[in-house]
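# Structural features, examined
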Amino acid sequence: MNVCALALGLALVLTACVARSPFQAVLQHSRIRGRTHGPNVCAMQQIKGTSKKYFTNCKQWYHRKICGKPTVITYECCPGYEKIPGEKGCPAALPLVNIYSTLGMVGASTTQMYSDRAQLREEIEGPGSFTFFAPSNKAWESLPTEILDALVSNVNIELLNALHYHMVSRRLTSEELKHGSTFSSMYQDAPVHIHHYSNGIVTVNCARLVKPDQHATNGIVHVVDRVITAISNNMQSIIDIDDDLETLRTAFAAAGLTTMLENEGHYTVFAPTNDAFEKIPRETLNRILGDPIALKDLLNYHILKNMHCAESIVSGTPMETLQGTMLEVGCDGEHMTLNGKAIITKTDQLATNGVIHYIGELLIPDSAKTLLELAESSSVSTATRMFVEAGLTPHLTGSEALTMLAPLNDAFKGSMTMTPSMRKLMSNHVLKEQLSSKALYHGQELETLGGLKLRVFVYRKNLCIENACIAAHDKVGRYATMFTVDKVITPPMGNIMDVLKADDRFITLVNAIQTAGMTELLNQQKVFTFFAPTNDAFNELPQDERNRLMRDPQHLSGVLKYHLGESMLVSGGVSSHTRFQTLQGEKLELGLRNYTVYVNKIPVADADLMATNGIIHAVNSIIRPLREYHDLFNKVLNSHSSKMISRRQ
């Protein structure tokens, strides 16, 4: 099996090297997947419940999904080949005939029929070199009845013009259909617009080539999935004449973007309808419309740098907007999606400089939001409610340069009743300046609205502010920034000795520190991390061992210093196999398992008790060097072995 996989992988690499275009690469992958069924067989993926088929690429092959829908694999003759009865695969090349006859062989018989009716047959049977983007039979069936009737009734000149617009007077293979290229059609030289996407999809005027490269004696046929029409308007002109886009038209003018939409380009505009604007709270909409910077960001967030027809999307893909951030453009069955939501109401309104897709919801980028709006659109609903209840709304909706430290919902424990102390705590989650997490450094102090100074700690895999570590990327708003953090920040209420004395779990430890003569050390304004044994940890010791320890200040000092180090290590800074230097001289082995910190295999019972000169982690056992655990294990093992031998004798 491994040999087969290796051989297939090598074949894919080799074919990718010789593939001359994205479509050719996908076609060759389909050939490789289909070759077990005979020569010139291509594996196709068909979306279940539809007639839509695609040549398969590697990702789609393994996922067995297109646009989030399951697919079935079918095996068909690759372009230009046909079956021979009694033989495996598709060994025979299709006979080369003229374009008219080719139309009947490749599923475009309706186009062939209309070519007869429009008196085009003689032209496409005769001499010349043409490219015919031929609508499939289903494409004609999908055309609205009134449009089809207008084309084929009475005077056939309209039908002839329509068919001529599908033709170019030269042979163009899929390889020559370059992304962003245009070619003059045979209808008044009106251009047809080609897009050849990296996923192998090729479109002409946003119609997908479903059967490309069907060669003929006098040209080539590419079967497409819809009837295409000539394009004459730029995007601004389309917006100008559509009453459903009146609010958008006004917004573009106010933001000074009209000229861009009139100039050459290959943009994608997700155009919010009037109804989409109406869904936004009036206060929010008025604020953005009255703020030129926020408005421009909002509109640029609806514009992609590159042109993407609906048929080019086969899976969710991040795409860069003119605003600078990414939109997740995807699909769910027949529907295009934005950021996972099926809000696109009309697709592929093609212009000379791009394509417009209508959307039923306004997309507001973070850069146009207030601090409160940033929080409301994130997974910090509890923190948002607490900030509001704490009376901080004026700060969060104004134009102050601030940074919010917003804990995740599961960070809040116990009662969430708004008390004076809770109000003070929430004010200490808002910093007095707008910051970027990338600009924070170890030892930095950050002033809060509550008047406290919070410390920054930088670790190899985490960035923490006091006991809370940043859990998501910054969300940068119009004036302020939000950091999502994994814990509610607990600012220090005193030095290490103050914290220990205020907690009844450490009565024995406080006495031990005093006996060992370490009180002055722990009152110093240095930075310590103390794995502090609780009363239970001392009570766990055998009585005689505990008595000896508490009567021997020097030994007691050594034991306590093995729990103490002169650096700051919050739980968020611990990763697997972290080593911690103690004041005793040896190193502790720290690890993290199921969100619990372990120190020399002892679990930390309560982490991150913050102090002005360090941090305390409570442990319910005296920490011993790991070699003592190994010695004890070997002693138990030897004892067990001796007993087994005695029983056998």
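Residues numbered from 1 in each chain as written. Predicted model: local features only at pLDDT ≥ 70, side-chain atom pairs only at ≥ 80, totals over all residues. Heavy atoms only, no water.

Two strands pair when backbone bridges link them, and strand β33 (residues 596-599) and strand β34 (residues 602-611) are joined in this way by two bridges, in the antiparallel orientation. Bridge pairing in β34 places V599 opposite I602. Count of turn residues in the β33/β34 antiparallel hairpin: two residues, of which N600 carries a positive phi of about 50°. Relative to strand β35 (residues 614-619), β34 runs antiparallel, the two being bridged by five bridges. By the bridge assignment for β35, M610 is matched with I615. Between β34 and β35, which follow one another and run antiparallel, lie two residues. (Pairing = 2+ DSSP bridges. Helix = DSSP H or I, 4+ residues; strand = E, 2+ residues; numbered from the N terminus.)

Take the state of the cysteines next. With the rule as written, the count across this model stands at five disulfides. Paired by a disulfide, C67 and C331 hold their sulfur atoms 2.1 Å apart. In this structure, the disulfide formed by C67 and C331 twists by about -90° around the S-S bond and is classed as left-handed. Separated by 264 residues along the polypeptide, C67 in the loop between β3 (65-66) and β4 (69-77) and C331 in strand β17 (residues 326-332) bring together distant segments of the chain. Note on accessibility: C67 and C331 belong to one class, buried. Shown here is the disulfide that connects C77 with C90, its sulfur atoms set 2.0 Å apart. Note on the C77 and C90 pair: the S-S dihedral is about -85°, so by sign convention the disulfide is left-handed. Here C77, found in strand β4, pairs with C90, found in the loop between β5 (81-82) and β6 (92-93); they are 13 residues apart in sequence, far enough to count as distant. Regarding the disulfides, the protein carries the connectivity 1-4, 2-8, 3-5, 6-7, 9-10 under sequence-order numbering of its bonded cysteines. (Disulfide = S-S within 2.5 Å. Buried < 20%, exposed > 50% of the residue type's maximum accessible area, 1.4 Å probe, protein only.)

Moving on, we get to the sheet that holds strand β11 (residues 202-204). Within the open sheet, the seven strands sit side by side as β8-β7-β13-β12-β11-β10-β9. Their pairing is mixed. Edge positions in the open sheet fall to β8 (167-168) and β9 (182-184), since each of these has one partner strand only. Relative to strand β10 (residues 191-196), β9 runs antiparallel, the two being bridged by three bridges. Residue pairing in the sheet places T182 in a bridge with H193 of β10. Sheet strands in contact with helix α2 (residues 22-34) are β10, β11 and β12 (207-216), and its direction is about 80° off that of β12. (Contact = heavy atoms within 4.5 Å. Axes fitted to C-alpha atoms, helices over the stretch in contact; angles between N-to-C directions.)

Attention now moves to the UniProt feature "domain: EMI" (unreviewed entry) in the protein. In this numbering, the UniProt entry assigns the feature "domain: EMI" (unreviewed entry) to residues 38-92. From the first C-alpha to the last, residues 38-92 spans 11 Å; its make-up is 11% helix and 44% strand. (UniProt positions renumbered as here; feature names shortened; annotations may be inferred.)

Turning next to helix α8 (residues 145-152). Listing the buried residues of α8 in full gives L148, L151 and V152. Buried residues of α8, viewed axially, fall in a sector of 80°; they line one side. On its buried face, α8 is in contact with α5 (109-117), α7 (137-142) and α9 (157-165). (Arc of directions from axis to C-beta.)

With that settled, the discussion passes to the UniProt feature "domain: FAS1" (unreviewed entry) in the protein. Residues annotated by UniProt as "domain: FAS1" (unreviewed entry) correspond here to residues 93-228, 232-363, 367-489 and 493-623. Here residues 367-489 is 23% helix and 23% strand, with 26 Å between the C-alpha atoms at its ends. Note that residues 493-623 is 33% helix and 30% strand, and that its end C-alpha atoms are spaced 26 Å apart.

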